[in-house]
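Spelled out from the first residue to the last, the chains are:
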Amino acid sequence: SATAVINDDTSEVSSVVISDGGSGYITAPEVSIESPTGLGATFRATATASITAGIVTSITVSFGGTSTSGTGYTSANPPLVLLKIIVSLNTLETLV
């Protein structure tokens, strides 16, 4: 599992802390960060996971390929961070 860390001065996701990196990943999972809530919340933070030996070891926050995060977030109500396994037919064929 992972938790978004919010910079309340900028209302941005500044980082993501991993509390359980899971195991058995063949490819890095897709990271989905919940959209911000409230008026004027028009941007959504994006992030990329990295794996080592099948475990998620880091999640790097980005927005549009830059170091800027999404806006409109608060530490009082941080967004959910979800890790989604990407499975293709090629992956399934390799596993069988």
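Keep in mind that what you see is a predicted model, and the values were worked out from it rather than measured. (Residues numbered from 1 in each chain as written. Predicted model: local features only at pLDDT ≥ 70, side-chain atom pairs only at ≥ 80, totals over all residues. Heavy atoms only, no water.)

Undergrad: Go over the overall build of the protein with me, naming the residues and quoting the values.
TA: The number of helices and strands found in the protein is 1 helix and 6 strands. When the helices and strands of the protein are listed from N to C terminus, the series reads β-β-β-β-β-β-α. Here the protein holds 96 residues, and 25% of them are scored as buried. Residue pairs at least 24 apart in sequence account for 59% of intrachain contacts in the protein once pairs closer than 6 positions are excluded. Carbon and sulfur atoms provide 56% of the accessible area of the protein, an area that totals close to 6,000 Å². (Helix = DSSP H or I, 4+ residues; strand = E, 2+ residues; numbered from the N terminus. Buried < 20%, exposed > 50% of the residue type's maximum accessible area, 1.4 Å probe, protein only. Contact = heavy atoms within 4.5 Å. Areas by Shrake-Rupley, 256 points an atom, 1.4 Å probe, with all protein chains shown as cover.)

Undergrad: Explain the confidence of the model for the protein to me, using residue names and the numbers behind them.
TA: Detailed reading of predicted coordinates is not advised where the pLDDT is low. For the protein, mean pLDDT is 80; residues scoring 70 or higher make up 75% of the total. Across residues 64-69 the pLDDT falls below 50, and counting only partners more than four positions away or on other chains, this stretch makes 9 contacts in the model. (pLDDT = per-residue confidence, 0-100.)

Undergrad: Quick one: what's the story with the nonpolar core, residue by residue and with numbers?
TA: In globular proteins that are soluble, nonpolar side chains generally tend to be buried together. In terms of nonpolar packing, the biggest core is built from 16 residues, with V13, V16, V31, I33, I59 and V81 touching the most fellow members. Breaking this core down by element, the ones donating at least two residues are strand 1 (2-7), strand 2 (12-18), strand 3 (30-33), strand 4 (46-52) and strand 5 (55-62). Sequence-distant contacts of V81, defined by excluding residues within four places in its chain, comprise A2, T3, A4, V16, V31, S32 and I33. (Core = buried A, V, L, I, M, F, W, Y, C linked by side-chain atoms within 4.5 Å.)

Undergrad: Tell me about the pattern of salt bridges, residues and numbers included.
TA: Taken as a whole, this structure holds 1 salt bridge when the rule is applied. The residue E30 makes a salt bridge to K84 at a minimum N-O spacing of 3.7 Å. One end of the pair, E30, is in strand 3; the other, K84, is in strand 6 (residues 81-84), and 54 residues separate them in sequence. What makes E30 partly exposed here is its relative accessible area of 36%. (Salt bridge = Lys/Arg side-chain N within 4 Å of Asp/Glu carboxyl O.)

Undergrad: Now, about the environment of I85: what can you tell me, with residues and values included?
TA: Within the fold, I85 resides in the loop between strand 6 and helix 1 (89-95). Taking the C-alpha atoms as reference points, I85 and I26, separated by 59 residues in sequence, lie 9.3 Å from one another.

Undergrad: Give me the environment of L82: which residues, what numbers.
TA: If you trace the backbone, L82 turns up in strand 6. In this view, L82 contacts E30, V31 and S32; residues no more than four positions away in its chain are not counted.

Undergrad: Mind laying out the environment of V56, listing which residues take part and the relevant values?
TA: By the secondary structure assignment, V56 is in strand 5. Taking relative accessible area as the criterion, V56 reaches 3% and is therefore assigned buried. Separated by 38 residues in sequence, V56 and I18 have C-alpha atoms that sit 8.0 Å apart. Dropping the residues within four chain positions of it, V56 is found in contact with I18, G21, Y25, P29, A49, S50, I51 and L83.

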